[in-house]
Amino acid sequence: MVRTLGWLSAAALALGLVMAFGVAPREVSQGNVQRIMYVHPPLAWVAYLAFGVVAAASIAYLVRRAPGADRLAHASAEVGVLFTGLAIATGSIWGKPTWGTWWTWDARLTSVAILFVMYLGYLLLRGTVEDRERAARYCAVLGIVAALDMPLVHFSVYWWRTLHQPPSLMKPGGFTGSAAILWPLLVNLAAFTVLYAYLVAKRVRLLRAEAEALA
Amino acid sequence: MPDNWGFVTAAYGLTALVLGLYWRRLVRREKELDHAREARSRTARAAAGAATVAERSRQPSRSGHPRSEPASRPPLP
């Protein structure tokens, strides 16, 4: 099943690339640099998804004490940190030619940076506490608390005046651009979601094997 | 506005590089654990085999002749 997910994500990412560079048109005001949109929002979306899964799995662990839930939270946090880091980096690369700066301390960028650092701390906490059961418990609490930053990240563009634009898709009224831009974006969102599922499944299997090797 | 293809390449290239390296790290760790598991099962099988030979050497022979203790036997020439 994991192997199938791997091939599926490879095919979906290839299709996403074709859509981003072959199907999507050159944007009128930004030019071709706007094509970064087909990678940056999908990365950010997967980061939201990953940390949502961490919060849900952490609640499940605290209620049932199932090691499987803890492994899922751990794997999802690791992949989420990776995708958040990439979302920040690609956003910064996109910001330089369009905003004229790599970074600015506006509400969206700052709240995402806080989210990134909190989950980085989550991963460090796992490595610091030696007792596995205690580490799982502490991380479950941190995983839930850190997820509270996600609404702040999402609504920061409405609550404060930011350089970052409001969401394109997840907004009241939905997407208002042309279908030629929407479809490549949706395909890439789906491709990165499948890639997330594949990486998490692979990491969970690895965590289970590591636990068996230590037992 | 200029196309800034360099920024587009940097964004896609960085994403591909980081995700590729992470994937390779997972695959490598998986292989290491598989090798370790195989080595453990080989050692366990060998230990079980050695235990069986030691057990048999202490049992009386089928012909009825008494058997000496393995430690008291002289080495073969």
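Notes on the structure follow. (Residues numbered from 1 in each chain as written. Chains lettered and ligands numbered in written order. Predicted model: local features only at pLDDT ≥ 70, side-chain atom pairs only at ≥ 80, totals over all residues.)

### Regarding the overall build of chain B
Alright, step 1. Helix and strand counts for chain B come out as one helix and zero strands.
Alright, step 2. Per-residue burial over chain B gives 8% buried out of 77 residues. (Helix = DSSP H or I, 4+ residues; strand = E, 2+ residues; numbered from the N terminus. Buried ≥ 20, exposed ≤ 12 C-beta atoms within 10 Å, placed from the backbone.)

### Quick notes on the packing of helix α2 (residues 40–64) of chain A against helix α7 (residues 179–214) of chain A
Residues and elements named next belong to chain A.
Alright, step 1. Here α2 crosses α7 at 40°, and the two axes come no closer than 9 Å. Judged by the angle between their axes, α2 and α7 are oblique. The two elements α2 and α7 cross, and the hand of that crossing is right-handed. The segment α2 lies against α7, with Pro41, Pro42, Leu43, Trp45, Val46, Leu49 and Ala50 engaging Leu185, Asn188, Leu189, Phe192, Thr193 and Tyr196.
Alright, step 2. A breakdown of the residues in the contact of α2 with α7 according to their chemical character gives 11 nonpolar, two polar and no charged. (Axes fitted to C-alpha atoms, helices over the stretch in contact; angles between N-to-C directions. Parallel < 35°, antiparallel > 145°, perpendicular 65-115°, else oblique. Left-handed = near helix turned anticlockwise from the far one by under 90°. Contact = placed C-beta atoms within 7 Å. Nonpolar A, V, L, I, M, F, W, Y, C, P; charged D, E, K, R; others polar.)

### Observations concerning the packing of helix α3 (residues 67–99) of chain A against α7 of chain A
Residues and elements named next belong to chain A.
Alright, step 1. Relative to each other, α3 and α7 sit at 130°, their axes nearing to 9 Å. Between α3 and α7, the angle is such that the two are oblique. Relative to α7, the crossing made by α3 is right-handed. Here α3 contributes Arg71, Leu72, His74, Ala75, Ser76, Glu78 and Val79 to the contact with α7, which in turn contributes Tyr196, Leu199, Val200, Arg203, Val204, Leu207 and Arg208.
Alright, step 2. Along the lines of polarity and charge, the residues of the contact of α3 with α7 split into eight nonpolar, two polar and four charged.

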